[in-house]
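Each chain, written out:
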Amino acid sequence: MKIYELSVSHHVNASLENVFDFFSKPENLSKITPRKMGFNVLTPLPIKMERGALIDYSIKVMGFPLRWRTLITSYDPPNKFIDEQLKGPYSFWHHTHTFEPVSNGVVIKDVIKYSIPLGPIGRLMHFLWIKNDLKNVFNFRKKVIDEIFTNSKELETSKESMS
């Protein structure tokens, strides 16, 4: 089984607590996932994020609806958590989310290790489509996360100036 890796980092000008709080709520995934993927959390909300939490989603892959189930295998607030696919479109999915405080905010790091089913056909699909599609999902996330935390900063600033 061929295992691929995607690593992305993103700086956000916000507090570690606010950033981790946002990412520790699975319902926020729909906000940072492209609409065309039809992402929907199926597990009843609110979900208590902790080691052992099971989270069910539905997504669309090439227009076809699929179920995706992940297990939170590590949970270390506000520094890190790991989700692993139990059922879904990949043969293997291991996603490590880390949050590193820096002097002017937080660096969000995502390391995804994954494998595609279908042997040579899966490898070809990865080369032609999946690799770039995953990169595009994380590029979309960066834009939306910047908007969310810029707007939340503006809200915090306006609340402070009103008091």
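As the structure is a prediction and not an experimental result, all values here were calculated from the model.

**Describing the sheet that holds strand β7 (residues 105-115)**
Think of a sheet as strands paired side by side through backbone hydrogen bonds, with each pair either parallel or antiparallel. Spatial strand order, β1-β7-β6-β5-β4-β3-β2: seven strands in an open sheet with antiparallel pairing. This sheet does not close on itself; its edge strands, each paired only once, are β1 (4-12) and β2 (40-41). Two elements, β2 and strand β3 (residues 54-61), share two bridges in a ladder whose sense is antiparallel. Bridged to V41 within β3 is Y57. Helix α1 (residues 16-23) rests against β1, β4 (64-76), β5 (80-87), β6 (92-102) and β7 of the sheet, and its axis sits at about 160° to β6.

**Here's the deal with unusual backbone geometry**
At the junction of L45 and P46, the peptide bond is cis and its omega measures out at -5° in the coordinates. Examined against the element boundaries, P46 turns out to sit in the loop between β2 and β3. Residue P78 follows P77 across a cis peptide bond; omega there is -5°. Not every positive phi belongs to a glycine, and L118 is a case in point at roughly 80°. Mapped onto the fold, L118 is located in the loop between β7 and α2 (119-162).

**Things to note about the packing of aromatic side chains**
The final tally for this structure, using the stated rule, is 15 aromatic pairs. Summarising the aromatic geometry, the rings of F20 and F99 are spaced 5.2 Å apart at their centres and angled 85° between planes, so their arrangement reads as edge-to-face. One end of the pair, F20, is in helix α1; the other, F99, is in strand β6, with 79 residues separating them in the sequence. Judged by centre distance (6.3 Å) and plane angle (45°), the ring pair of W93 and Y114 falls under tilted. With a gap of 21 residues between them, W93 in strand β6 and Y114 in strand β7 connect regions that are remote in the sequence. One aromatic cluster is present, formed by F20, F22, F23, Y75, F81, F99 and F149 through successive ring pairs. Over the aromatic face of F138 sits the side chain of R141, whose NZ or CZ is 4.9 Å from the ring centroid.

Rules and cut-offs
All residue numbers refer to position in the chain's written sequence, counted from 1. Confidence filtering applies because this is a predicted model: local features only for residues at pLDDT of at least 70, side-chain atom pairs given and counted only at 80 or more, and all residues used for totals across whole chains, interfaces and linings. Calculation of side-chain values draws on the structure's entire complement of heavy atoms; hydrogens and water are dropped beforehand. Two strands pair if DSSP finds at least two bridges between them. For helices the rule is a DSSP run of H or I covering at least 4 residues; for strands it is a run of E covering at least 2, with both sets numbered from the N terminus onward. A contact between two residues is defined here by any heavy atoms of the two lying within 4.5 Å. Fitted lines through C-alpha atoms serve as axes, helices being fitted only where they are in contact, and the angles separating the N-to-C directions of these axes extend from 0 to 180 degrees. Working definition: rings of Phe, Tyr and Trp (its six-membered ring) pair if their centres are within 6.5 Å, and the pair is stacked with planes under 30 degrees apart, edge-to-face with planes over 60 apart, and tilted otherwise. Charges are assigned to positions over rings by a cutoff of 6 Å between ring centre and Lys NZ or Arg CZ, combined with an angular limit of 35 degrees from the ring normal.

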